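Breakdown of the fold
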Number of protein chains: 2
Amino acid sequence: MDNFVFQNPTKLIFGKGMISSLSKEIPLDKKIMVTFGGGSVKRNGVYDAVKSALANHDYIEFWGIEPNPSIETLRKAIALGKENKVDFLLAVGGGSVIDGTKLISAGLCYDGDAWELVKKGRYMKTVPLATVLTLPATGSEMNSGAVISRSETKEKYAFYSNFPVFSILDPTVTFTLSKRQVACGIADTFVHVMEQYMTTPGQSRVMDRWSEGILKTVVEIAPAIRNGSNDYDLMSDFMLSATMGLNGFLALGVTQDWCTHMIGHELTALHGLTHGATLAIVFPGTLKVLREQKKGKILQYGERIWNIVEGSVQERIDRTIEKTEEFFASLGLSTRLHQEGIGEETIAEIERRFNERGVAFGEAANVTGSVARKILESVI
Amino acid sequence: MDNFVFQNPTKLIFGKGMISSLSKEIPLDKKIMVTFGGGSVKRNGVYDAVKSALANHDYIEFWGIEPNPSIETLRKAIALGKENKVDFLLAVGGGSVIDGTKLISAGLCYDGDAWELVKKGRYMKTVPLATVLTLPATGSEMNSGAVISRSETKEKYAFYSNFPVFSILDPTVTFTLSKRQVACGIADTFVHVMEQYMTTPGQSRVMDRWSEGILKTVVEIAPAIRNGSNDYDLMSDFMLSATMGLNGFLALGVTQDWCTHMIGHELTALHGLTHGATLAIVFPGTLKVLREQKKGKILQYGERIWNIVEGSVQERIDRTIEKTEEFFASLGLSTRLHQEGIGEETIAEIERRFNERGVAFGEAANVTGSVARKILESVI
């Protein structure tokens with residue numbers, strides 16, 4: 001096991017009706033800016049619940065943080081927040097709203113242009129931020145990361161800052177999600193776990209089993225929830241899986257990969273494809289191309305999640321990759337680039353961008369531009 | 001899943017050589033009291049490592065916090081701390097030293113006698129506390145609980161306060177533990193997980209699997225580590241299991257039991273038997289007496305941890321309880337009261353104490369004095 005330092009101070013407030021606790025969680029002397037995406041929270045009751053809980057607080061609203069939040073939109077939010085001397089942020093939405101609000105929280109404490117912070121990659125001077133989660137997927141509600149896009153240049157980069165002070169997770173808010181939102185949330189959760197798990201075997205029995213515990217849970221509940229479920233317990237386990245899938249609990253003392261995400265981010269930046277949907281295509285490709293390097297863990301994953309124990313090593317690996325693809329397809333997601341109208345031109349651009357950045361990704365730092373090309377070609 | 005609020009702010013600093021990070025983790029303007037148990041840290045290098053890391057800090061030492069820390073000893077530490085205007089505590093030891101230091105940290109901020117705090121059960125005004133763990137077992141290094149004893153009356157109660165600011169876990173410090181210390185640490189970890197798991201089934205798939213992940217890990221590594229192991233990776237997983245076993249991560253939205261602990265605490269209070277050793281005797285008794293109530297979870301536990309899938313329901317339950325007893329016995333621990341010279345007199349006293357407290361323990365709040373008697377009689 002590798003040495004590590006771990007700390008996650010976010011207070012998790014979980015369950016039906018918990019949005020009302022906003023009234024006592026945010027001090028009354030704060031000037032709050034509440035941030036939103038589109039209007040879905042007005043249709044599912046979340047907006048009303050937030051408004052009611054904040055009845056005695058002083059707040060303004062900022063609307064319109066889009067999927068894959070753009071610096072162009074966030075600059076406007078930062079300007080509004082500075083103008084109103086905002087000293088507390090409440091993000092109400094999914095991962096995009098929360099990610100965007102993380103950059104706002106840093107931008108409010110920075111004099112220059114906030115894109116400079118994204119390029120720095122990390123900025124720890126922030127206004128406190130809390131969240132009300134509406135879409136289980138990214139884990140942003142309990143981690144310190146964000147991914148910010150720049151529309152004009154089609155760039156998309158990770159940015160790290162402070163953890164949310166608290167996050168409210170009410171599983172009933174998921175009852176109105178679309179099939180596609182649930183499918184992408186499942187894929188996102190599944191691949192987040194994989195980025196921390198599908199590495200060198202034998203690093204930690206506990207971490208392996210905790211990752212497998214979430215993978216197994218997600219596989220088990222997917223058939224029931226992918227078509228829309230109002231089962232509170234199932235949606236609770238989905239919501240908990242998504243948050244626990246990327247809050248650091250699975251990464252204690254073990255190596256991580258993240259090459260699938262790096263490639264997926266480019267697909268989103270270039271084509272606007274939803275994050276979870278990019279992962280469902282790329283991840284099986286990563287397994288195909290890195291099958292020798294990841295052999296030990298693929299076999300363990302195949303056995304413990306899919307019960308694949310018969311046949312030669314190569315047959316078991318083949319079957320495990322097939323099962324993974326079938327799982328994503330069963331969610332109604334594409335597992336090939338051509339299904340999304342993506343081809344050679346995009347592959348060439350991603351290879352070029354990887355080469356230009358001059359870094360290789362993945363656990364072994366060997367996913368260069370040409371390896372990214374191979375991964376994408378394997379799922380064309 | 002039940003509604004819950006979760007927050008664990010402790011910073012975990014894990015790995016070989018990490019004790020040296022004390023030098024930068026504690027501010028230089030603090031007046032520190034370092035607390036210790038007996039002299040084992042002088043023989044295993046921990047004391048020297050701490051001294052070296054604190055070379056530029058202002059600190060005093062308090063020695064002699066005993067196993068099952070007593071209010072009598074802790075009063076002395078509090079007096080010394082007050083006299084020296086201590087404003088930071090560093091506990092260097094196992095669960096007893098850390099538990100005792102939690103009461104010291106509250107006692108330093110309280111004008112009355114610290115036993116009043118124990119009777120209150122909770123006190124949140126404290127001096128910051130950090131730990132260097134030397135014995136994986138109690139999880140106290142990453143939770144807010146402590147158990148404090150009063151020698152003169154043979155009482156032992158739980159007390160809750162603040163979390164450690166940080167805890168340093170260096171697996172190499174476990175290499176010098178005795179076989180019995182490791183055995184008791186394994187039993188303690190195992191039963192901590194059980195208190196959060198062996199309840200009503202179907203509350204959370206994720207929590208079930210995370211608990212099972214630690215149980216399975218502990219069962220898997222026990223044969224190698226119970227005879228003393230210098231295998232760094234095995235001891236890392238042992239240390240991680242003990243900490244994760246009682247830091248709240250396994251208890252999200254699920255009911256808990258703790259009746260085994262309540263009975264075990266009385267055995268320690270009355271006989272001085274080591275905490276982990278009491279649990280190895282009592283827990284199989286809890287399963288025997290509450291086998292109908294806990295049927296669903298016993299079957300799940302038997303199948304997932306011990307691979308017991310054949311036979312009638314009653315046969316599977318019998319076999320699962322046997323396997324649990326065999327596991328504790330394989331660690332060299334007693335699984336019957338008579339092996340420790342404990343008999344009817346103690347059972348009667350524990351029944352009397354439970355009745356006197358007038359509360360019933362366990363998930364279903366049905367473990368009264370007479371049920372505690374039945375549990376103890378089943379393992380006499």
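Residues numbered from 1 in each chain as written. Chains lettered and ligands numbered in written order. Predicted model: local features only at pLDDT ≥ 70, side-chain atom pairs only at ≥ 80, totals over all residues. Heavy atoms only, no water.

Where an unreviewed UniProt entry is consulted, chain A appears under the name Iron-containing alcohol dehydrogenase, with the organism given as Candidatus Egerieousia excrementavium. Regarding chain A, the relevant UniProt record gives this comment under Sequence similarities (unreviewed entry): "Belongs to the iron-containing alcohol dehydrogenase family." (UniProt positions renumbered as here; feature names shortened; annotations may be inferred.)

1. Focus: the overall build of chain A
Helix and strand content of chain A: 15 helices and eight strands. What you see for chain A is a C-alpha radius of gyration of 20 Å, in line with the 21 Å of a compact globule of 380 residues. Principal axes of the C-alpha set define a box for chain A whose edges measure 65 × 45 × 45 Å. Considering chain A as a whole, with its 380 residues, one finds that 61% of them fall into the buried category. Approximately 13500 Å² of chain A is accessible, and the part contributed by carbon and sulfur atoms is 49%. On chain A, the mean spot of the 41 positive side-chain charges and the mean spot of the 44 negative ones are 1 Å from each other. (Helix = DSSP H or I, 4+ residues; strand = E, 2+ residues; numbered from the N terminus. Rg over C-alpha atoms; globule rule 2.2 N^0.38 Å. Buried < 20%, exposed > 50% of the residue type's maximum accessible area, 1.4 Å probe, protein only. Areas by Shrake-Rupley, 256 points an atom, 1.4 Å probe, with all protein chains shown as cover. Lys, Arg positive; Asp, Glu negative; His and termini not counted. Charge placed at Lys NZ, Arg CZ, Asp CG, Glu CD.)

2. Quick word on the packing of aromatic side chains
Under the counting rule described, the total for this entry stands at 32 aromatic pairs over all chains. Between A:Phe6 and B:Phe249, the ring centres sit 6.4 Å apart and the planes meet at 75°, which makes this aromatic pair edge-to-face. One end of the pair, A:Phe6, is in strand β1 (residues 4-14); the other, B:Phe249, is in the loop between α9 (232-244) and α10 (259-271), on a second chain. Each of the two residues, A:Phe6 as well as B:Phe249, counts as buried. With a centroid separation of 5.3 Å and an interplanar angle of 75°, the aromatic rings of A:Tyr110 and A:Tyr123 are classed as edge-to-face. (Phe/Tyr/Trp six-rings, centres within 6.5 Å; stacked < 30°, edge-to-face > 60°.)

3. Brief notes about the UniProt feature "domain: Alcohol dehydrogenase iron-type/glycerol dehydrogenase GldA" (unreviewed entry) in chain A
As annotated by UniProt and renumbered to match this structure, "domain: Alcohol dehydrogenase iron-type/glycerol dehydrogenase GldA" (unreviewed entry) occupies residues 9-171 of chain A. Annotated as 30% helix and 27% strand, the span residues 9-171 of chain A places its first and last C-alpha atoms 22 Å apart.

4. Regarding the packing of helix α7 (residues 179-197) of chain B against helix α11 (residues 275-289) of chain B
Residues and elements named next belong to chain B. One can describe the packing of α7 onto α11 by two numbers: an axis separation of 7 Å at closest approach and a directional angle of 55°. Put simply, α7 runs oblique to α11. You can see that α7 and α11 cross each other, and the crossing is left-handed. Across the interface between the two elements, Arg180, Cys184, Ala187, Asp188, Val191, His192 and Met194 from α7 touch His275, Gly276, Ala277, Leu279, Ala280 and Phe283 from α11. Class assignment of the residues belonging to the contact of α7 with α11 gives a composition of eight nonpolar, three polar and two charged. (Axes fitted to C-alpha atoms, helices over the stretch in contact; angles between N-to-C directions. Parallel < 35°, antiparallel > 145°, perpendicular 65-115°, else oblique. Left-handed = near helix turned anticlockwise from the far one by under 90°. Contact = heavy atoms within 4.5 Å. Nonpolar A, V, L, I, M, F, W, Y, C, P; charged D, E, K, R; others polar.)

5. Remarks on the interface of chain B and chain A
Contacts between the two partners involve 41 residues from chain B, matched on the other side by 41 residues from chain A. Summed over both partners, the interface of chain B with chain A buries about 3700 Å², with 60% contributed by carbon and sulfur atoms. For chain B, the biggest contributors to the area lost against chain A are B:Met1, B:Arg205 and B:Trp210; these three give 20% of the whole. Connecting chain B to chain A are six salt bridges. (Buried area = accessible area lost by both parts, 1.4 Å probe. Salt bridge = Lys/Arg side-chain N within 4 Å of Asp/Glu carboxyl O.)

6. Re the relation of the copies chain B and chain A
Superposition record for chain B on chain A: RMSD 0.0 Å, screw rotation 180°, translation along axis 0.0 Å. As the rotation angle and translation indicate, the two copies are arranged about a two-fold axis. In terms of C-alpha distance to the rotation axis, chain B has B:Pro9 as its closest residue, with the C-alpha 2.2 Å off the axis. A shared binding surface is used by both copies, with 100% of the interface residues of chain B retained as interface residues in chain A. (Least-squares fit on C-alpha atoms with pLDDT ≥ 70 in both.)

7. Points about the UniProt feature "domain: Fe-containing alcohol dehydrogenase-like C-terminal" (unreviewed entry) in chain A
On the UniProt side, "domain: Fe-containing alcohol dehydrogenase-like C-terminal" (unreviewed entry) is annotated at positions that read residues 186-350 of chain A here. In this annotation, residues 186-350 of chain A is assigned 67% helix and 0% strand; the end-to-end C-alpha distance for the span is 25 Å.

8. A look at the environment of A:Ser178
Tracing the backbone through its elements, the reader meets A:Ser178 in the loop between β8 (166-169) and α7 (179-197). Spatially, the C-alpha atoms of A:Ser178 and A:Glu303 are 32 Å apart, while their sequence positions differ by 125 residues.

9. What about the state of the cysteines?
The full count for this structure, using the stated rule, is zero disulfides over all chains. For the unlinked cysteine B:Cys259, the closest cysteine sulfur is that of B:Cys184, found at 20 Å. (Disulfide = S-S within 2.5 Å.)

10. Regarding helix α13 (residues 313-330) of chain B
Quick reminder: α-helices carry 3.6 residues per turn. Residues three or four places apart thus point the same way. All names here are of chain B. Taking 1.5 Å per residue as the helical rise, α13 with its 18 residues ought to reach 26 Å, and the 25 Å between its terminal C-alpha atoms agrees with that figure. Buried within α13 we find Arg316, Ile317, Thr320, Ile321, Thr324, Glu325, Phe327 and Phe328. Buried positions along α13 lie against α7, α8 (205-225), α11 and α12 (295-306). In the stretch just after α13, glycine 332 is the one whose phi turns positive, near 85°. (Expected span 1.5 Å × (residues − 1).)

11. As for unusual backbone geometry
For A:Asn68, which is not glycine, the phi torsion reads 55° and is therefore positive. Its place among the elements puts A:Asn68 in the loop between β3 (58-62) and α4 (71-83). Located in the positive-phi region is B:Asn307, a residue other than glycine, with phi close to 60°. A residue is classified by how much of its surface remains accessible, and B:Asn307, at 61% relative accessible area, is exposed.

12. As for the pattern of salt bridges
Residue and element names in this part refer to chain A. Within the structure shown, the criterion is met by 50 salt bridges over all chains. In this structure, aspartate 208 and lysine 297 form a salt bridge, with 3.1 Å as the shortest nitrogen-oxygen distance. Of this pair, aspartate 208 sits in helix α8 (residues 205-225) while lysine 297 sits in helix α12 (residues 295-306); the two residues are 89 residues apart in sequence, bridging distant segments of the chain. The exposure classification of aspartate 208 matches that of lysine 297, with both residues buried.

13. Describing the sheet that holds strand β4 (residues 88-93) of chain B
The twelve strands are arranged β3(A)-β2(A)-β4(A)-β5(A)-β8(A)-β1(A)-β1(B)-β8(B)-β5(B)-β4(B)-β2(B)-β3(B) in an open sheet whose pairing can be described as mixed. Edge positions in the open sheet fall to β3 of chain A together with β3 (58-62) of chain B, since each of these has one partner strand only. The mean angle between the axes of side-by-side strands here comes to 25°, regardless of whether they run parallel or antiparallel. Here three bridges tie strand β5 (residues 129-133) of chain A to β8(A), and the two strands are oriented parallel to one another. Its bridge partner lying in β8(A), A:Val132 is registered against A:Ile168. Along the sheet face, helix α9 (residues 232-244) of chain A touches β1, β5 and β8 of chain A together with β1 (4-14) of chain B and points at about 150° away from the line of β1(A). (Pairing = 2+ DSSP bridges.)

14. Thoughts on the environment of B:Ile350
Residues and elements named next belong to chain B. Inspection of the secondary structure assignment puts isoleucine 350 in helix α14 (residues 344-357). Judged by relative accessible area, which is 0%, isoleucine 350 ranks as buried. Remark: the alpha-carbon pair of isoleucine 350 and proline 284, spanning 66 residues in sequence, is separated by 18 Å. Sequence-distant contacts of isoleucine 350, defined by excluding residues within four places in its chain, comprise Ile263, Glu266, Leu267, Leu270 and Leu376.

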